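# A look at the structure
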Amino acid sequence: MTMTIKQAARSEVEGAADALVDLSHRIWDHPELAFEEERASAWSAEALADAGFSVETGVADLPTAFVAEAGSGPLVIGICAELDALPGIGHACGHNMIAAAGVGAGLALARVADDLGITVRVLGTPAEELGGGKILMVEQGVFDGIHLAMMVHPAPVEGDAFPTLAISQCDFHYHGKTAHASLAPNLGINAADAITVAQVGVGLLRQHLEVGDQVHGIVTRGGEAANIVPSSAASKPGPPQPGPASTSSRSVRRTPNSTTTTRSPTCTGPTRRRSVGRWAPGRRPRPHRPTWPISAC
Ligand SMILES: [Zn+2]
């Protein structure tokens, strides 16, 4: 019986293989950034609608989010289909494949939904690179009633385990005092210097971070012109968020020097955490070890 259901699901995927690969390639060829995945969302939802799914678009007040449902069984299974690309480098993370695989899994499960007693919901989840679309959807109740949710993510290696990390995204703002960099540099307080000091500190701290803790970020504002001492600078995420606040005694000083002020970082919200995949090219995935949320900031 089980094999019959598996075979039915497999045959559904095999029958749709060309269309699924085409969907993946189309999304690859038209990369769209977070919250702008109009074509990827429409094409994915359309494929499911054509297969008989009832589709609701624009869920959670997100124009490119959708829920496509098939079956009526008591066990509700969610399949996530990510949609967005990265700025400048397109679908380097392979969300085109996640979308197509999500659609394919939905088609396969819909075929056997009555046999299994399940309802399958394919969730088009926008803004996974920048914005945490799934979090917004969770907050809006889109995942309510779903007993389990899953997705696949492509990687450059094959593995049966996929350790994940949580992430907090923060914006740090530094404030100094503007001055002409040539005529009166002594009157200025360089806010961008604070970022430099902070980045150096982060670099030195890395040696002592717990295994699994990561810090990475960019300078988002460093001044307007070379001949102006910048009074304002910003980085993302800036200084590190230490490991598990509840289990670690480590502390991090965040004040880079005494002349600039560091405004409290503005996070995208302490609940703005998403799982990000990690893999080690050429190696087998590491055995599971506890990971923890980077502390909220
Ligand atoms: Zn990704």
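Residues numbered from 1 in each chain as written. Predicted model: local features only at pLDDT ≥ 70, side-chain atom pairs only at ≥ 80, totals over all residues.

### Remarks on the overall build of the protein chain
- Secondary structure summary: the protein chain contains five helices and 13 strands in total.
- Expressed as a percentage of its 297 residues, the buried residues of the protein chain come to 35%. (Helix = DSSP H or I, 4+ residues; strand = E, 2+ residues; numbered from the N terminus. Buried ≥ 20, exposed ≤ 12 C-beta atoms within 10 Å, placed from the backbone.)

### Notes on unusual backbone geometry
- For Phe35, which is not glycine, the phi dihedral falls at a positive 70 degrees.
- By the secondary structure assignment, Phe35 is in the loop between helix H1 (2–29) and helix H2 (38–50).

### Structural notes on the sheet that holds strand S2 (residues 66–71)
- Overall, mixed pairing links the five strands, which are arranged S1-S2-S4-S3-S5 in an open sheet. With partners counted over all chains shown, the strands left at the sheet margins are strand S1 (54–57) and strand S5 (148–150), one partner each. Between one strand axis and the next, the sheet turns by 20 degrees as a mean value, whatever way the strands run.
- Bridge count for strand S3 (residues 75–82) against strand S4 (residues 118–125) is eight bridges, and the pairing is parallel. Directly across from Val76, in S4, lies its bridge partner Thr119. (Pairing = 2+ DSSP bridges. Axes fitted to C-alpha atoms, helices over the stretch in contact; angles between N-to-C directions.)

### What about the nonpolar core?
- Counting residues in each nonpolar core, the largest one holds 41 residues, and the members touching the most others are Ala81, Ala99, Val103, Leu109 and Val120.
- Counting only elements with at least two residues in this core, the list comes to H1, H2, S2, S3, helix H3 (95–116), S4 and helix H4 (133–139).
- No other element matches H3, which puts twelve residues into this core.
- Every residue in contact with Ala81, bar those within four places of it in the chain, is listed here: Ser44, Ile98, Ala99, Gly102, Val103, Val122, Leu123, Gly124 and Thr125.
- Counting residues in each nonpolar core, the second largest holds ten residues, with Tyr174, Ala194, Ile195 and Ala233 among its members. (Core = buried A, V, L, I, M, F, W, Y, C linked by C-beta atoms within 7 Å. Contact = placed C-beta atoms within 7 Å.)

### Observations regarding the packing of H2 against H3
- As a packed pair, H2 and H3 sit with axes 10 Å apart at the nearest point and diverge in direction by 15 degrees. Taken together, H2 and H3 sit at an angle that is classed as roughly parallel. Regarding H2 and H3, the two cross each other, and that crossing is right-handed. Between H2, through Ala40, Ser44, Ala47 and Leu48, and H3, the contact on the second element is made entirely by Ala99, Val103 and Gly106. (Parallel < 35°, antiparallel > 145°, perpendicular 65-115°, else oblique. Left-handed = near helix turned anticlockwise from the far one by under 90°.)

### Here's the deal with the environment of Ala234
- Locating Ala234 in the fold gives a position in strand S11 (residues 232–236).
- Residues contacting Ala234, with those up to four places away along its chain left out, are Asp171, Phe172, His173, Tyr174, Thr220 and Arg221.

### Observations regarding H2
- The terminal C-alpha atoms of H2, which comprises 13 residues, lie 18 Å apart, in line with the 18 Å expected from a rise of 1.5 Å per residue.
- Residues of H2 that are buried: Ala40, Ser41, Ser44, Ala45, Ala47 and Leu48. Angularly, the buried residues of H2 cover 155 degrees about the axis, an arc narrow enough to put them on a single face. (Expected span 1.5 Å × (residues − 1). Arc of directions from axis to C-beta.)

### A few points about the pairing of strand S7 (residues 170–175)
- Of the two faces of S7, only the one carrying Cys170, Phe172 and Tyr174 is buried; Asp171, His173 and His175 on the other face are not.
- Inspection of the sheet shows S7 paired to S11 by four bridges, in the antiparallel sense. Opposite His175, over in S11, you have Ser232 as the bridge partner.

### A look at the confidence of the model for the protein chain
- Of all residues in the protein chain, 78% have pLDDT values of 70 or greater, and the mean over the chain is 83.
- Every residue in residues 238–259 scores below 50 in pLDDT, and together they form 41 contacts with partners more than four places removed in sequence or on other chains.
- Every residue in residues 267–297 scores below 50 in pLDDT, and together they form 71 contacts with partners more than four places removed in sequence or on other chains. (pLDDT = per-residue confidence, 0-100.)

### A closer look at the environment of Ala100
- Secondary-structure assignment places Ala100 in helix H3.
- Spatially, the C-alpha atoms of Ala100 and Ala19 are 9.0 Å apart, while their sequence positions differ by 81 residues.

### A look at the environment of Glu82
- Within the fold, Glu82 resides in strand S3.
- Sequence spacing of Glu82 and Met97 is 15 residues, and the spatial spacing of their C-alpha atoms is 8.6 Å.
- In this structure Glu82 touches His95, Ile98, Ala99, Thr125, Glu128 and Met151, once residues within four positions along its chain are discounted.

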